[in-house]
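Coordinate analysis (summary)
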Amino acid sequence: MNRLKDKIVVITGGSGLLGRDIIKSINIAGGKCINLDIQQDTPDAENFFYCDVTSESSVKAVIELIVSKFGRIDGLVNNAYPRTGDWGTRFEEISYTSWQQNIDWQLNSYFMLTQKVAKQMISQKSGSIVTMSSIYGMVGPDFTVYEGTGMTMPTAYSAIKGGLINFTRYIASYLGPHNIRANCVSPGGIFDNQNPIFVKNYEAKVPMRRMGLPDDISPVVVFLLSDDAKYLTGQNLAVDGGWTCI
Ligand SMILES: NC(=O)c1ccc[n+]([C@@H]2O[C@H](COP(=O)([O-])OP(=O)(O)OC[C@H]3O[C@@H](n4cnc5c(N)ncnc54)[C@H](O)[C@@H]3O)[C@@H](O)[C@H]2O)c1
């Protein structure tokens, strides 16, 4: 309790599956969580700001507004998940344009927003940045779990999430002298009423024999934002029921 007392934390994509639970956990821990999203799906309208993370002008305006309103940004959770309509197309059929668009929206936008928030954190001489990666930024997909489902793992996801893990190491090293920490959380598959065949296949492979839930992930994000992790930086914590240990 109160691990994040009075801390101002910005989350992107806080209206989604994981974001909603992360916001709840940050608020329970005593922090003030500000949600930047293109859709408002949280009851806390006061702490919602419309922001398209893929637009530099939108990000610039909202970060300036937050700093003028709250005076500081103690934590950032990079969590938004913009993707194209054809996300999930099989490898052979992905157009180059679609590949480029997803890299721009999901990797380049994370750099752009992180850079703007980090400038504020440098001026404060403190901050904690948590970036959502994935098990698929760490290992290749096991395509057998998609058999019989019509589902697949998007190719760009591996490049994006793997890139974010090493981007995090870079900024941890670069920003460490400014007392700013940067870490990744890499969730395994989160249950979201997917095709039951996929769920069965996934559960049979993962050592803990179940898919993840949002509340498996949120406490780890809160921990990384908090001073309990004050000497922890440049790391990637896989929260995956053991998926990446085998
Ligand atoms: N759900 C999983 O199984 C899982 C597993 C591993 C990693 N992750 C990662 O966790 C993060 C959150 O995933 P999720 O499942 O909650 O996703 P989600 O799709 O449920 O939510 C994503 C949120 O991002 C917002 N968003 C989309 N485009 C945006 C934009 N241009 N600007 C601002 N906000 C935008 C959406 O409105 C939505 O609220 C993602 O980075 C994802 O890659 C998810």
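The structure contained in this document is the topic of the report that follows. Throughout, a residue's number is its position along its own chain's written sequence, starting from 1. pLDDT decides what is reported in this predicted model: residues at 70 or higher carry local features, side-chain atom pairs at 80 or more are listed and counted, and totals for whole chains, interfaces and linings draw on all residues regardless. As a convention, hydrogens and water are excluded, and side-chain values are obtained from all of the structure's heavy atoms.

**Describing the packing of helix H1 (residues 17–28) against helix H6 (residues 214–225)**
Two numbers describe how H1 lies on H6: the axes approach to 9 Å, and their chain directions differ by 50 degrees. Comparing their axes, H6 and H1 come out oblique. Along this stretch, H1 crosses H6, giving a crossing that reads as right-handed. Residues Leu17, Leu18, Asp21, Ile22, Ser25 and Ile26 of H1 form the contact with H6, whose own contacting residues are Pro214, Asp215, Ile217, Ser218, Val221, Val222 and Leu225. Under this grouping Gly is polar, as are all residues other than the nonpolar Ala, Val, Leu, Ile, Met, Phe, Trp, Tyr, Cys and Pro and the charged Asp, Glu, Lys and Arg. A breakdown of the residues in the contact of H1 with H6 according to their chemical character gives nine nonpolar, two polar and two charged. The convention used is that axes are lines fitted to C-alpha atoms, helices contributing only their stretch in contact, and that angles between N-to-C directions extend from 0 to 180 degrees. Where helices and strands are cited, they refer to DSSP runs of H or I of at least four residues and of E of at least two residues respectively, numbered from the N terminus. In these notes the angle categories are as follows: under 35 degrees is roughly parallel, over 145 is roughly antiparallel, 65 to 115 is roughly perpendicular, and the rest is oblique. Left-handed describes a crossing whose near helix is turned anticlockwise from the far helix through less than a right angle; right-handed describes the clockwise counterpart. Contacts are assigned to residue pairs that have any heavy atoms within 4.5 Å of one another.

**Points about helix H4 (residues 155–175)**
The span one expects for a helix is its residue count, reduced by one, times 1.5 Å. Relative to the 30 Å expected for 21 residues at 1.5 Å per residue, H4 spans 31 Å between its end C-alpha atoms, a close match to the ideal helical length. Summarising the contacts, the buried residues of H4 are in contact with helix H3 (96–124), strand S5 (127–132), strand S6 (180–187) and strand S7 (236–239).

**Re the packing of H3 against H4**
Viewed as axis vectors pointing N to C, H3 and H4 meet at an angle of 20 degrees, and their least axial separation amounts to 10 Å. When the axes of H3 and H4 are compared, the pair comes out roughly parallel. Between H3 and H4 the crossing geometry is right-handed. Residue-level contacts link Trp99, Asn102, Ile103, Gln106, Leu107, Tyr110, Phe111, Thr114, Ala118 and Ile122 of H3 to Thr155, Ala156, Tyr157, Ala159, Ile160, Lys161, Gly163, Leu164, Phe167, Ile171 and Leu175 of H4. Its residues placed into classes, the contact of H3 with H4 shows 15 nonpolar, five polar and one charged.

**Structural notes on the pairing of S5**
Buried residues are those whose accessible area, probed at 1.4 Å on protein chains only, stays under 20% of the maximum for their type, while exposed residues exceed 50% and partly exposed ones sit between those limits. Within S5, six of the six residues are buried, which leaves the element mostly enclosed by the surrounding structure. Any two strands with at least two DSSP bridges between them are considered paired. With four bridges connecting them, strand S4 (residues 75–78) and S5 associate as parallel partners. The residue bridging Gly75 from the neighbouring strand is Ser128, located in S5. With strands facing away from the observer, any crossover in which the path from the first strand over the helix to the second runs clockwise is taken as right-handed. Taken together, S4, H3 and S5 form a β-α-β motif whose crossover is right-handed. Pairing analysis gives six bridges linking S5 to S6, with the strands arranged parallel. When the sheet's bridge partners are listed, Ser128 is paired in S6 with Arg181.

**Topic: the sheet that holds strand S3 (residues 48–50)**
Spatially, S3-S2-S1-S4-S5-S6-S7 is the arrangement adopted by the seven strands of the open sheet, whose pairing is parallel. The open sheet has two edge strands, S3 and S7, and neither has a second partner. The average angle at which neighbouring strand axes cross in this sheet is 20 degrees, direction not considered. Both strand S1 (residues 8–12) and strand S2 (residues 32–37) contribute to a ladder of five bridges, which runs parallel. Its bridge partner being in S2, Val9 is matched across the sheet by Cys33. Here H4 sits on the sheet in contact with S5, S6 and S7, set at roughly 160 degrees to S6. This element, H6, spans S1, S4, S5, S6 and S7 of the sheet and lies at about 170 degrees to S6.

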